[in-house]
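Here's the letter readout for the chains.
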Amino acid sequence: MAKMTMVQALNLALRQEMEKDDSVVVLGEDVGVDGGVFRVTDGLINQFGDQRVLDTPLAESGIVGMSIGMAAYGLKPVCEIQFSGFAYQNFHQIENHAARLRWRSQDRYHVPMVLRAPYGGGVRALEHHSESREAYWAHTPGLKMVIPSGPRNARGLLVSAIRDPDPVIFYEPKALYRAFREDVPEEEEIMAIGEPRCVRQGSDLTMISYGAMMRPTLEAAVELKEKDGVEAEVIDLLTISPLNEKILVESVKKTGRAVVIHEAPRSFGPGAEIVSRLMEKAFYYLEAPIERVTGYDIIIPLFSREKAYLPSVQRIIRSARKVLAA
Amino acid sequence: MPRKKISIPNKIEYLSILNEKSELDKKLDPDISDNLLLKLHRTMLLARKFDERLLSLQRQGRIGTFPPISGQEAAHLGAVAALRPTDWMVPAFRETAAEIWRGRTLESVIIYNNGYNEGAAIPEGRYDLPISVPVGSQILHAVGLGWAAKYRQKDDVAMAFFGDGATSEGDFHEGLNFAAVFQAPVVFVCQNNQWAISIPLAKQTRSKTLAQKALAYGMPGIQVDGNDILAVFAAAREAVERARSGGGPTLIECVTYRLMMHTTADDPKRYRTDKEVEQWKNRDPLPRFQNYLIRKGLLTEDKIAKAEAEVVQEIQEAVDRAEKQMKELGDPVHMFAHLYAAMPPYVEEQKKEFERELAELNKEADHG
Ligand SMILES: Cc1ncc(C[n+]2csc(CCOP(=O)(O)OP(=O)(O)O)c2C)c(N)n1
Ligand SMILES: [Mg+2]
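Chemist: Can you walk me through the sheet that holds strand S11 (residues 232-236) of chain A in this structure?
Modeler: Hydrogen bonds between backbone groups are what pair the strands of a sheet, and the pairing can be parallel or antiparallel. All names here are of chain A. Strands sit in the order S9-S11-S10-S13-S14 across an open sheet of five strands; the sheet is mixed. Sheet topology places strand S9 (197-200) and strand S14 (291-295) at the edges, where each strand pairs with a single neighbour. For this sheet the average axis-to-axis angle between neighbouring strands, irrespective of direction, equals 25 degrees. Across the sheet, helix H10 (residues 270-282) touches strand S10 (205-209), strand S13 (258-265) and S14, and the angle it forms with S13 is around 155 degrees.

If you want it as structure tokens, here you go:
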């Protein structure tokens, strides 16, 4: 096992899938010679050539529309949108076609493509480079929406996404790209899409999060244990859609209390759906109203104030205490 | 029926007035007043020195990521100088010299680049849109501004800026088509700096020029030496006059070069050679213009040295003002401002909650 950053782990997944299957192709802006602005596709053009690693003209709709055609032909395009904030230029290709080609052709065609894009705040970036708009995609029937939280699950999930017969939107928490390293095995390791994981056991409270917010969530869990003697169970969603609520429901049945944490704005965000599922399936087990700790319903400010916007350990703890006190 | 040629009603011209040796093509002299020439020089010099200062501030961690403009001053400054103050400027993000020309303060650039939204504020009386990071997206706004002026029977013109990479986006093509169909008073200025991050022009388009794309939409297109401020100004003046007098839109391709990195987060050594950069340094628009002004008797080496010292001082004062202002901007509650004319009640609640939490945190911090 080698210690890898998330960037390296994603690169490993891409390289190995390309080695195994020549239908896997990579395309996007600056993914070839430059190796991607975050270097996730570093070296792929040298190994696989410029017919499999396409430096495209600057047009997201072009990248995604072309990927759909490639997928209909039987290839497995993995396209990179340089920042999720520029995926609106390709929104209609995803909504009108990628998500529906199977349905529109009554199963004659399907779209085994992956759209990778860095998302989220915390890296002191320019405007449009820090948003967390996973709800747009999770709201679209026909898509899968995956968000890893560390190098190892990023690798395993990307492999699954590439092999998935349907379109997967794969959001990479850019704040975690180089934030820490994990052991990632060289040999194949796959993590199934649609399986949230319990990453910390506890009986007093269920904390549900994903992506870059897993770190403050876990820190809050540790602090709650140290300061309040509270045993918090922490669940990493990993797949936003299709949302598999099974282990969330089981956990809340046990703890009776829950906090949902995400950096996306609160209203109509993933938290709203998660809370609804819990209301539908675990209502009678709840001891307190479920709390959401989220980004505010405003545009994430330019970087000097982004910390104030993003859920902090303190905010998570405050909400957890509120739920525990009820 | 035999195949026959359809004649297309336009050709693409290339305009250069001041060559790399600062020699003027007298027949094409745009006859700019001495006053304006000196003002352009001063702004160009200020913008260049400011770019250098921003880079050092960024390297010291005193501002965030920003896109340097060095080498492209003539391309955007020459174009915007053809506008009246009441015309509209629609920037991308690499037009700092043009923004300064339009009245943007240096401290607002610093404040913006240090991650404060206040730095993007546009005072009443300046008819500019804020910089636009999503590539090409702003082009259509210029069409809307221009058409609105026409609808109101005003003779205002809108000028849109964008890069070579932007010409691949759908918005660029929609923008040109709309402007031509509606005969909107718009000037499209493409700063073709040869690169879109790591993608060279040859991988962006198979067209010989970007200017020729205008022909497909039924408008004039011209390619100019974008490092020759006289040529850029002359082409822009002609296009602005045409737009103002009801002649519709024009596309101007300024052939220039980004001498620095794409942004301070970029490493150009990964995709281009030093040799290429060196070659373009010989075409640097600033010394080219300066030497011309010296020959013309408008400047001397001494005057340039003095002007340099003055702009460096002006920049220092702006840095000081910006740093002082930023200390006062600290309050993060500002992030709730300016989103709606009237804040929805649930956002108001979130703001109150945020203020409460902030007060608690500050109290905790005080008690330490
Ligand atoms: C829609 C969109 N896609 C991608 C990006 C990321 N990006 C920022 S600048 C840039 C290249 C722009 O090239 P060009 O239009 O030539 O302008 P230049 O940077 O050279 O001034 C890219 C890909 C973006 N900002 N917006
Ligand atoms: Mg460019």
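Picking up after the structure, the text goes on.
Chemist: Looking at this structure, I do not really get the interface of chain B and chain A. What am I missing?
Modeler: Interfaces are frequently sized by the accessible area removed from exposure as the parts join. Across the boundary between the two partners, chain B contributes 41 residues, which contact 37 residues of chain A. Taken over both partners, the interface formed by chain B and chain A buries close to 3,500 Å², and the fraction arising from carbon and sulfur atoms is 55%. When the area that chain B buries against chain A is broken down by residue, the three leading residues are Arg270, Met335 and Gln350 of chain B, summing to 19%. Where chain B touches chain A, the interface holds seven salt bridges. Here Asp34 of chain A makes a salt bridge to Arg270 of chain B, at a shortest N to O gap of 3.6 Å. Linking chain B to chain A there are 16 residue pairs in polar contact (both at pLDDT 80 or more). Secondary-structure elements contributing two or more residues to the side of chain B that touches chain A are helix H4 (106-113), helix H7 (201-204) and helix H13 (345-367) of chain B. Among the elements that line the side of chain B that touches chain A, the one with the most residues is H13 of chain B, at seven residues. Grouping the amino acids of the side of chain B that touches chain A by side-chain chemistry returns 19 nonpolar, 14 polar and eight charged.

Chemist: Can you walk me through the pairing of S14 of chain A in this structure?
Modeler: Looking along a regular strand, one sees side chains alternate from face to face of the sheet. Residues and elements named next belong to chain A. For S14, a buried count of four out of five residues is recorded, marking the element as mostly surrounded by other parts of the structure. Direction of pairing for S13 relative to S14: parallel, over a ladder of five bridges. Its bridge partner being in S14, Val260 is matched across the sheet by Arg292.

Chemist: Teacher, can you tell me more about empty space enclosed by the protein here?
Modeler: One simple way to see leftover space: roll a probe sized like a water molecule over the atoms. All names here are of chain A. For the structure on display, the rule yields four cavities of 30 Å³ or more. The wall of the largest cavity is formed by Ala125, Leu126, Glu127, His128, His129, Ser130, Glu131, Ile300, Pro301, Leu302 and Phe303. A breakdown of the residues in the lining of the largest cavity according to their chemical character gives six nonpolar, three polar and two charged. In this structure, the lining of the largest cavity is formed jointly by two domains, domain 1 (2-184) and domain 2 (197-325), each of which donates at least three residues.

Chemist: Which parts of the structure should I look at to understand the site of ligand 1?
Modeler: What surrounds ligand 1 is a group of 21 residues, the closest being Glu60 of chain A together with Arg94, Asp164, Gly165 and Trp195 of chain B. Residues near ligand 1 are shared among chains A and B, making this a multi-chain site. Within the backbone of Val135 of chain B, an N or O atom sits 2.9 Å from a nitrogen atom of ligand 1. Protein coverage of the free-state accessible area of ligand 1, which is 570 Å², stands at 96%. Looking at the shell around ligand 1, its residues break down into 10 nonpolar, six polar and five charged.

Chemist: Hey, could you run me through the sheet that holds strand S3 (residues 158-163) of chain B in this one?
Modeler: Residue and element names in this part refer to chain B. If you walk across this open sheet you meet the six strands as S1-S7-S8-S4-S3-S2, and the pairing is parallel. Two strands lie at the open edges of the sheet, namely strand S1 (13-15) and strand S2 (88-90), each paired on one side alone. Ignoring strand direction, the axes of neighbouring strands in this sheet form an average angle of 20 degrees. Contacting S2, S3 and strand S4 (186-192), helix H5 (residues 139-151) crosses the sheet at an angle of about 175 degrees to S3. Where helix H6 (residues 170-181) meets the sheet, its contacts fall on S3, S4 and strand S8 (250-255), and the angle it forms with S4 comes to roughly 150 degrees.

Chemist: How should I be thinking about the environment of Pro289 of chain A in this particular structure?
Modeler: Residues and elements named next belong to chain A. Tracing the backbone shows Pro289 in the loop between H10 and S14. For Pro289, a relative accessible area of 62% gives the class exposed. A sequence separation of 34 residues divides Pro289 from Val323, and the C-alpha atoms of the two residues are 6.8 Å apart. Setting aside anything within four residues of it in sequence, one finds Pro289 in contact with Val323 and Ala326.

Chemist: It is not clear to me how H6 of chain B should be interpreted in this structure. Could you clarify?
Modeler: An α-helical turn contains 3.6 residues, so any two residues separated by three or four positions project in the same direction. Residues and elements named next belong to chain B. Helix length check: H6, at 12 residues, gives a terminal C-alpha distance of 16 Å against a target of 16 Å (1.5 Å per residue), a fit within 8%. Taken residue by residue, H6 has Phe172, Gly175, Leu176, Ala179 and Ala180 as its buried positions. Summarising the axial view, the buried residues of H6 lie within an arc of 120 degrees, below the 170-degree limit, and thus occupy one face. Residues of H6 that are buried in the fold lie against H5, S3, S4, helix H8 (213-217) and S8. Phi turns positive, to about 45 degrees, at Gln183, one or two residues after H6.

Chemist: Looking at this structure, how should I read the nonpolar core?
Modeler: Generally speaking, soluble globular proteins have nonpolar side chains that are buried together. Counting 81 residues, the largest nonpolar core has Ile94, Met113, Leu115, Leu158 and Leu278 of chain A as the members making the most contacts within it. If we ignore the near neighbours within four places in the chain, the residues touching Leu115 of chain A are Val64, Cys79, Ile81, Asn90, Ile94, Val168, Ile169 and Phe170 of chain A. Of all hydrophobic cores here, the second largest spans 71 residues; its members include Ile69, Met261, Ile304 and Leu329 of chain B.

Chemist: Would you take a moment to explain the packing of helix H1 (residues 34-59) of chain B against H4 of chain B for this structure?
Modeler: Each pair of packed helices gets described by two things: the angle between the helix axes and the distance between those axes. Residue and element names in this part refer to chain B. With their axes 12 Å apart at the nearest point, H1 and H4 run at an angle of 30 degrees to one another. In this view, H1 runs roughly parallel relative to H4, as classed from their interaxial angle. In this structure, H1 crosses over H4, and the sense of that crossing is right-handed. Residue-level inspection shows Leu46, Phe50 and Leu54 of H1 in contact with H4, the latter providing Leu106, Val109, Ile110 and Asn113. For the contact of H1 with H4, the residue count by class is six nonpolar, one polar and no charged.

Definitions and cut-offs
Residues numbered from 1 in each chain as written. Chains lettered and ligands numbered in written order. Predicted model: local features only at pLDDT ≥ 70, side-chain atom pairs only at ≥ 80, totals over all residues. Heavy atoms only, no water. Pairing = 2+ DSSP bridges. Helix = DSSP H or I, 4+ residues; strand = E, 2+ residues; numbered from the N terminus. Axes fitted to C-alpha atoms, helices over the stretch in contact; angles between N-to-C directions. Contact = heavy atoms within 4.5 Å. Buried area = accessible area lost by both parts, 1.4 Å probe. Salt bridge = Lys/Arg side-chain N within 4 Å of Asp/Glu carboxyl O. Polar contact = N/O pair within 3.5 Å; in protein donor to acceptor, adjacent residues only side chain to side chain. Nonpolar A, V, L, I, M, F, W, Y, C, P; charged D, E, K, R; others polar. Buried < 20%, exposed > 50% of the residue type's maximum accessible area, 1.4 Å probe, protein only. 1 Å grid on protein atoms, 1.4 Å probe; cavity = no way out; pocket = protein on both sides within 12 Å on 5 of 7 lines; lining within 4 Å. Points joined across faces, edges and corners; volume = space filled by probe spheres on them. Domains from an automatic or database assignment. Near = heavy atom within 4 Å. Areas by Shrake-Rupley, 256 points an atom, 1.4 Å probe, with all protein chains shown as cover. Expected span 1.5 Å × (residues − 1). Arc of directions from axis to C-beta. Core = buried A, V, L, I, M, F, W, Y, C linked by side-chain atoms within 4.5 Å. Parallel < 35°, antiparallel > 145°, perpendicular 65-115°, else oblique. Left-handed = near helix turned anticlockwise from the far one by under 90°.

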